[in-house]
Amino acid sequence: MKKLKILFSSSEVVPFAKTGGLADVSNALPKALKELGHEVRIIMPKYKVINDRKYVLREVIRLKDIPIWIGDSVKKINVKSAFTPEPFKIQTYFIDYRPYFGKEGLYVDDATNKEYPNNDERFILFCKAVLETLKLLFWQPDIIHCNDWQTGLVPFFLKTLYKDDDFFKKTATLITVHNVGYQGNFPAESFRKTNVDSTLFKPGSPVEYYGKFSFLKTAINYADHITTVSRQYAQEVQQSREFGLGFEGIFRARSSIFTGITNGVDYSVWSPEVDTYLPANYSLNSLSGKLDNKKVLAEKFGLPYKENIPVIGMISRLVDQKGFDLLEEIIEPFVKMNLQLVILGTGAPKYHTLFKQLNKKYPDTIGIHLNFNEEIAHLIEAGSDMFLMPSKYEPCGLNQMFSLKYGTVPVVRKTGGLADTVIEFDSESGMGNGFVFEDYASGQLLDALKRAVKLYHEPKIWKKIMKNGMKQDFSWNASAKKYYKVYEKILKR
Ligand code: ADP
């Protein structure tokens, strides 16, 4: 294996800033690549939530007052640097420009609950700053690994503004699409802010999407390779509009350089033996601690503790993609099934209202925490008996994989990464790790829950299902090797 220099460019990275799975991946994959022997660095925006003191951010002498053009105006940015936590200590650079990144909320303004109106400029600036930073550092990566629309213009700038720059002659790019629901489509006028030849923007061009300037489409068309986060999702987004969300033809046109690589789990953070957030640790061979977590979980959610009643956990961004409308449809029969539901999430106001109402109506059955809370997320994984993900689509999904390791049996819709990782339990063969339903239909969700609850009351079988999941290994090592193969392929071209 050749040792590569890899820059991992992402708009969110654990532990610095997180809204969803992208942040987990952006910490875990660089770690796994470093373990394979590569030289990896990370670059991200310096948001207000990233505390300079807590993470020991330092200024980088050469990287001060760097001019970045956004259309006709020039912005002066700084770059700071820190390391991800011990023992991996990956060097991370932060693009610091307060007028753009110095607010609460990564993409959405907390005050208005709307996306920042200047998200185009924020991430045009970020992508340009990534390339300028590399030049000023004299660090020439073999690969710039980009993620989602926010970093999607890096491949584009390399092949336009920097196409004659010898510094990047040997640098190739990869874009990983974590969710095609987020496309970064902006008004045509935004294109001017890139300072790229304006004749490139026209109907049917690689950057244009229904009259808009699409950062994701641009990335898919200009990157040297495209990946997405599960094998199944890579198929789905090419097959139909239902999953491709308008991008199916764009993916199909690039299918020879499009690969699905299922995300892994960082077991140094997400396993019940070592989880530092838990009141009680437990393991495959010593499960008793799980009940202690279940007790604390009930307390935290204000529910009466009942040992023999199944607790179903959900941790999720509260968005349409995640299937809450199905749950709402079956809520009456659901609460009659003698179970409890705990939900941790934040997102669309309509779901905040819905879950507040449900909690009020069924205070002993449905518990809620409508915020972002790492500690409670871990407690739900450990203290619940089942984990529910009825997603409309799910590019990979991490929580079902966390759940498997925690002996928390997943009940999921068969789509994307959920289909790659959860298999319906079969009583005859004793194989399978969860409960799966095919169609996006509330009746099927209810049936799957009924099958799960029935077997929950047969403790011997239930333990078998739990253990089948706990024994599985979705660690990052295997996925990182697949990424290496992709990098190798790009560099050979
Ligand atoms: P997505 O990327 O679509 O949000 P994933 O399942 O891939 O979905 O990843 C979600 C990640 O975000 C998981 O690590 C999950 O635990 C975490 N998460 C989501 N909502 C919350 C929340 N309200 N509090 C804490 N963690 C959350």
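See the structure shown above.
Residues numbered from 1 in each chain as written. Predicted model: local features only at pLDDT ≥ 70, side-chain atom pairs only at ≥ 80, totals over all residues. Heavy atoms only, no water.

Colleague: Quick question: what am I supposed to make of the pairing of strand S4 (residues 66-70) here?
Modeller: Each regular strand carries side chains that alternate between the two faces of the sheet. Taking every second residue as pointing to the same face, the buried face of S4 carries Ile-66, Ile-68 and Ile-70, while none of Pro-67 and Trp-69 on the other face is buried. Sheet topology places S4 next to strand S5 (residues 73-83); five bridges connect them, and they run antiparallel. Note on S5: the bridge partner recorded for Ile-70 is Ser-73. (Buried < 20%, exposed > 50% of the residue type's maximum accessible area, 1.4 Å probe, protein only. Helix = DSSP H or I, 4+ residues; strand = E, 2+ residues; numbered from the N terminus. Pairing = 2+ DSSP bridges.)

Colleague: Explain the site of the ligand to me, please; I cannot follow it from the model alone.
Modeller: In the vicinity of the ligand lie 18 residues, with Gly-21, Asp-24, Arg-317, Lys-322 and Asn-371 positioned nearest. Note that an oxygen atom of the ligand is positioned 2.8 Å from one of the side-chain N or O atoms of Lys-322. Protein contacts shield 93% of the accessible area of the ligand, which totals 560 Å² for the unbound molecule. Of all elements in the fold, only helix H1 (21-35), strand S16 (311-318), strand S17 (340-347) and helix H14 (399-405) reach the threshold of two or more residues within the shell around the ligand. At three residues, the largest contribution of residues to the shell around the ligand is made by S16. Looking at the shell around the ligand, its residues break down into six nonpolar, eight polar and four charged. (Near = heavy atom within 4 Å. Polar contact = N/O pair within 3.5 Å; in protein donor to acceptor, adjacent residues only side chain to side chain. Areas by Shrake-Rupley, 256 points an atom, 1.4 Å probe, with all protein chains shown as cover. Nonpolar A, V, L, I, M, F, W, Y, C, P; charged D, E, K, R; others polar.)

Colleague: Looking at this model, I keep getting lost on the pattern of salt bridges. Mind explaining?
Modeller: Oppositely charged side chains are able to pair whenever their charged atoms sit close together. With the rule as written, the count across this model stands at 21 salt bridges. With a closest N to O distance of 3.0 Å, Lys-18 and Asp-24 form a salt bridge. For Lys-18, a relative accessible area of 21% corresponds to the partly exposed category. Among the ionic pairs, Glu-104 bridges to Lys-48, the shortest N-O distance being 3.5 Å. In this pair, Glu-104 is assigned in the loop between helix H2 (98-101) and strand S7 (108-109) and Lys-48 in the loop between strand S2 (39-45) and strand S3 (58-59), connecting sequence segments 56 residues apart. (Salt bridge = Lys/Arg side-chain N within 4 Å of Asp/Glu carboxyl O.)

Colleague: Can you help me understand the packing of aromatic side chains in this one?
Modeller: Here a ring pair, both rings aromatic, is described through the centre-centre distance and the interplanar angle of the planes. Here the structure, examined in full by the defined rule, presents 31 aromatic pairs. Residues Tyr-47 and Phe-101 carry aromatic rings whose centres are separated by 5.9 Å and whose planes lie at 90° to one another, so their mutual orientation is edge-to-face. Pair noted here: Tyr-47 is in the loop between S2 and S3 and Phe-101 is in helix H2, with a separation of 54 residues, a long-range link. Of the two residues, Tyr-47 and Phe-101, both sit in the buried class. Ring centres of Tyr-209 and Tyr-210 lie 4.9 Å apart, and the angle between their planes is 85°; this geometry places the pair in the edge-to-face category. Given the relative accessible area of 68%, Tyr-210 is considered exposed. One Lys or Arg, Lys-89, reaches over the ring of Phe-83 and ends 5.4 Å from the middle of that ring. One residue, Lys-405, lies across the ring of Tyr-267, its end atom 4.8 Å from the ring centre. (Phe/Tyr/Trp six-rings, centres within 6.5 Å; stacked < 30°, edge-to-face > 60°. Lys NZ or Arg CZ within 6 Å of the ring centre and 35° of its normal.)

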